[in-house]
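Coordinate inspection notes
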Amino acid sequence: MRQIMKKSKTLSLLSAAILCSAIAPARISHAETSGAASELYKQTAEYTADGGKIKVQTYSQKDGESVPQSLFYGETALSDEYSLVLHSVRQGGKYLLNTVSDIAADYEKTHAGTQVMMAINGGFFDGAFNNDEKLPEGALIEDGVLLDDGFRSKTNHGNAVGWSADGGFTHGSIKADTQVYTLRVTDRNGQRKTFDLRPDGSDLKNYGVCLYRAGETGAVANSVRYTAKIESNDGFIERWNQLERINETADSAAFTVAENTVTVVVREDFEAMQALDGATAIEAYQRTSDTTFASADYAVDIFNDLVLNGKAKAGFNGAGHATTPAPRTTIGYFADGRIFFSVADGRQDGYAKGLTCAEQAAFAAERGCAFAFELDGGGSSTFLVRKGGELVCLNRCSEGQQRKILDAVLVVKTEKQANYDKLLAKDELELTEGETAELPLAEGVDFSKLNVTVSDTSVIAVDENGKISALKKGIAQIDVSFGDKIESLVVQVKAAQQNAPAEEKGGCKGNVGYIAVFPAMICLIFIFAKKRYNN
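These numbers come from a predicted model, not from an experiment. (Residues numbered from 1 in each chain as written. Predicted model: local features only at pLDDT ≥ 70, side-chain atom pairs only at ≥ 80, totals over all residues. Heavy atoms only, no water.)

Some words on the overall build of the chain
Just so we agree on the cut-off: Secondary structure elements are defined from DSSP: runs of H or I of at least 4 residues count as helices, runs of E of at least 2 residues count as strands, and each element is numbered from the N terminus. Between two residues, a contact is recorded if the distance between any of their heavy atoms is within 4.5 Å. Here the accessible surface of atoms and residues is derived via Shrake-Rupley with a 1.4 Å probe, and residues count as covered only by protein chains that are part of the display.
Scanning the chain from N- to C-terminus turns up 6 helices and 37 strands. For the chain, contacts bridging at least 24 residues in sequence account for 69% of all contacts bridging at least 6. As displayed, the chain has an accessible area near 26,400 Å², and 50% of this comes from carbon and sulfur atoms.

So this is what it looks like as structure tokens:
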């Protein structure tokens, strides 16, 4: 299918529109909103949050009609501070159904330094609604991990909308049998690298990275072998502890992998060796090699395309489903990479009738979007926004409360981190013997993520917290590195000041008082003698 657009790195503000409680209806003009104003529905409320980065709007019934409606719309400009993620709660190889509120809370709990600003329900799932052992009906990718390819579904056959961490969007169907077992390595600087693994125990041929599991044997000459214990496995992602390296020679004996451990053999792949040598976290999982979704960090299954290239569709899957007014949830994006959510309440007499798929598509197209897609709806339709410091549910769920679902799409705010373009605040420092000082780091730089070396440890020392101690007179250089970036600090240590020595007896210094007094005594004698003579 299509690989579409990247977000603009210059977009630094988050503009979002969602919908709220009803107030006296008021029409809005195109100039008053970040997207096109609705020509069909009346705006009922608007407010801003997070310093104006979030705009909240609601709409009621169409002009000239008495059919009650309640629509909620959210528009988001992605940035370094705001990102779009998909999240599910899993345990023991199973998905756990939770409300959107609970899924958002779990994300914040498992991702330190984040705050969910807006959220909607995600894709469809099969089976009874309140059984906690459900499966997604369509494709599901989360943080690069292919959790499901969607080929169990007889309706959408893997149809999904996906996006990458840098804001590129795509949509289509994930092809069958495109699973690739992958190793993801994270170093102490938080940098990630991935390496596709050959099947368990396969021949490395001339080069490659290969995985052996418990009970398997191997004998790969002239290679590097790493062993690790399995720390956890949730049925989707396997996490290992730090690897132990063993160099294999031409005549190395065969090995057998012990229980609860894995062995990775690397041959002539120096990038993989370097990454594994410095690894602080290691994960093994399946990704898809399908060209449409190979670069997608997230993907959620969809039932209908609603808007394609800025035009609302006319025909939809599921005739009865498409033409019956119901609660609806929509996700989509604009030509400049902004994304939007919308939720329509329904099935509630006197409050909200709901939308057909055609009306759902028309509302999205009216906003000026490029593409829009139908997520799960009905009792699953849920829209949350952070208001007054808390995530609140804006819409009125058709079942009287939030339904337990499988996944949710979240707009996440991440605490600003140092970009590490600058590591040190200065390049020179002067100390005196015995003095201490903190390593002058640039704003936001975390010392624990840096590699630090000292040219002369007899002159200065740097402890595990970044404190510099001046040991003796001299000059030493501290080199600080983060990834490929290196900066230096030259430290000059001066000698400690000594106390002034005591005055020696005798000599000029000892008799300086006498030398100063002697002329005065001569004068006094002269004056006394002259006075006696005059008398």
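On we go from here.
Examining the pattern of salt bridges
Stated formally: Salt-bridge detection follows one rule: a side-chain nitrogen of Lys or Arg within 4 Å of a carboxyl oxygen of Asp or Glu. For each residue, the accessible area found with a 1.4 Å probe, counting protein chains only, is set against the maximum for its type, and the residue is called buried under 20%, exposed over 50%, and partly exposed in between.
For the structure shown, the criterion picks out 21 salt bridges. The closest approach of N and O atoms between Arg403 and Glu399, which form a salt bridge, is 2.3 Å. For Arg403, a relative accessible area of 8% gives the class buried. Here Glu399 falls in the partly exposed class, since its relative accessible area comes to 44%. Members of the salt-bridge network, linked through shared partners, are Asp143, Arg184, Arg192, Arg239 and Glu283.

Regarding helix H4 (residues 357–366)
Among all positions of H4, only Cys357, Gln360, Ala361, Phe363, Ala364 and Glu366 are buried. Two residues or fewer after H4 comes Gly368, characterised by a positive phi angle close to 90°.

A word on the sheet that holds strand E3 (residues 54–62)
Quick reminder of the rule: The rule for pairing is simple: two strands pair if DSSP sees at least two bridges between them. Here the axes come from fitting lines to C-alpha atoms, over the contacting stretch only for helices, and the angles between their N-to-C directions go from 0 to 180 degrees.
Taking strand neighbours across the sheet as the criterion, the 8 strands line up as E2-E3-E4-E26-E25-E27-E23-E24 in an open arrangement whose pairing is antiparallel. At either end of the open sheet lies a strand with only one pairing partner, and these are strand E2 (41–49) and strand E24 (311–312). Sheet topology places strand E25 (residues 328–333) next to strand E26 (residues 339–344); 6 bridges connect them, and they run antiparallel. Across the sheet, residue Ile331 finds its bridge partner in E26, namely Phe341. Its contacts with the sheet place H4 against E2, E3, strand E4 (71–76), strand E23 (305–308), E24, E25, E26 and strand E27 (371–374), and it is angled at close to 30° to E23.

Remarks on the layout of surface pockets
Going by this rule: For each structure, a 1 Å grid was placed over the protein atoms alone; sets of points admitting a 1.4 Å probe that cannot get out are labelled cavities, open sets with protein on both sides within 12 Å along at least five of seven lines are labelled pockets, and lining residues have an atom within 4 Å of a point. Grid points are joined across faces, edges and corners, and a volume is the space filled by probe spheres set on the points. Under the convention adopted here, Pro, Cys and the residues Ala, Val, Leu, Ile, Met, Phe, Trp and Tyr are nonpolar, Asp, Glu, Lys and Arg are charged, and Gly plus all remaining residues are polar.
Here the second largest pocket is characterised by a volume of approximately 390 Å³. Around the second largest pocket sit 13 residues that line it, and Asp187, Asn189, Lys193, Gln274 and Gly483 are the ones nearest its centre. Counting only elements with at least two residues in the lining of the second largest pocket, the list comes to strand E12 (179–187) and helix H2 (270–277). Looking at which element gives the most residues to the lining of the second largest pocket, the answer is E12, with 3 residues. Of the residues assigned to the lining of the second largest pocket, the class counts are 2 nonpolar, 7 polar and 4 charged.

Thoughts on empty space enclosed by the protein
Summed over all chains, the structure comprises 2 cavities of 30 Å³ or more. Of the pockets and cavities examined, the largest cavity occupies roughly 60 Å³. What lines the largest cavity is simply Leu71, Phe72, Arg328, Thr330, Ser342, Val343, Ala344, Leu355, Gln360 and Phe363. Elements with a minimum of two residues in the lining of the largest cavity: E4, E25, E26 and H4. In terms of residue count, the dominant contributor to the lining of the largest cavity is E26 (3 residues). Its residues assigned to classes, the lining of the largest cavity shows 6 nonpolar, 3 polar and 1 charged. Computed from the structure, the second largest cavity encloses a volume of approximately 50 Å³. Of the residues forming the lining of the second largest cavity, the biggest block, 3 residues, is contributed by E25. When its residues are assigned to classes, the lining of the second largest cavity shows 8 nonpolar, 1 polar and no charged.

What about the sheet that holds strand E30 (residues 407–414)?
Pairing is antiparallel in the open sheet, where 6 strands are placed in the order E6-E5-E30-E7-E28-E29. Two strands in the sheet have a free side with no partner beyond their single neighbour: strand E6 (94–96) and strand E29 (390–393). Pairwise comparison of adjacent strand axes, ignoring direction, gives a mean angle of 40° for this sheet. Packing against the sheet, helix H1 (residues 100–110) makes contact with strand E5 (82–91), strand E7 (114–121), strand E28 (383–387), E29 and E30, and its axis sits at approximately 150° to E7.

Here's the deal with the packing of aromatic side chains
To be explicit about the condition: Any Phe, Tyr or Trp ring, taking Trp's six-membered ring, that has another such ring centre within 6.5 Å forms a pair; planes under 30 degrees apart are called stacked, those over 60 apart edge-to-face, and the others tilted. Two thresholds decide whether a charge sits over a ring: the Lys NZ or Arg CZ must be within 6 Å of the ring centre and within 35 degrees of the ring normal.
One pass over the structure, following the stated rule, counts 14 aromatic pairs. Aromatic pair Tyr41 and Phe363: ring centres 5.7 Å apart, planes at 75°, arrangement edge-to-face. Of this pair, Tyr41 sits in strand E2 while Phe363 sits in helix H4, and the two are 322 residues apart along the sequence. Relative accessible area serves as the criterion here: at 2%, Tyr41 is assigned to the buried category. Lying over the aromatic face of Tyr73, Arg367 brings its terminal NZ or CZ to 4.2 Å of the ring centre.

Some points on the pairing of E23
Both E23 and E27 contribute to a ladder of 2 bridges, which runs antiparallel. Residue pairing for E27: Val307 is matched across the bridge by Ala372. Bridge count between E23 and E24: 2 bridges; the pairing is antiparallel. Within E24, the residue paired with Val307 across the bridge is Ala312.

Let's talk about the confidence of the model for the chain
Defined as follows: The pLDDT score gives, residue by residue, the confidence of the prediction method on a 0 to 100 scale.
The share of residues in the chain with pLDDT of 70 or more is 80%, and the mean pLDDT across the chain is 82. Here residues 1–35 is a poorly scored stretch, pLDDT under 50, and it has 132 contacts once near neighbours within four places are set aside; other chains count. Long-range and interchain partners of residues 503–517, a stretch whose pLDDT sits below 50, account for 2 contacts in this model, where long-range means more than four residues apart.

Structural notes on H1
Just so we agree on the cut-off: To be clear, the arc concerns the directions from the helix axis to the C-beta atoms.
When we look at burial in H1, the residues that qualify are Val100, Ile103, Ala104 and Tyr107. One face of H1 carries all of its buried residues, which in axial projection span an arc of 100°. Contacts from the buried residues of H1 go to E5, E7, E28, E29 and E30.

So, the side chain of Glu283
Where we set the bar: Polar contact criterion, stated in full: a pair of N or O atoms within 3.5 Å, where within protein one must be able to donate a hydrogen and the other to accept it, and residues adjacent in sequence count only if both atoms are side-chain atoms.
Within the element layout of this structure, Glu283 appears in strand E21 (residues 279–288). A distance of 3.4 Å separates polar atoms of two side chains, one belonging to Glu283 and the other to Arg239. When near neighbours in sequence (up to four residues on either side) are disregarded, Glu283 contacts Thr182, Leu183, Arg184, Arg192, Ile237, Glu238 and Arg239.

As for the side chain of Asn121
Its location among the elements puts Asn121 in strand E7. Given the relative accessible area of 1%, Asn121 is considered buried. Only 3.0 Å separates the side chain of Asn121 from the backbone nitrogen of Thr382, close enough to count as a polar contact.

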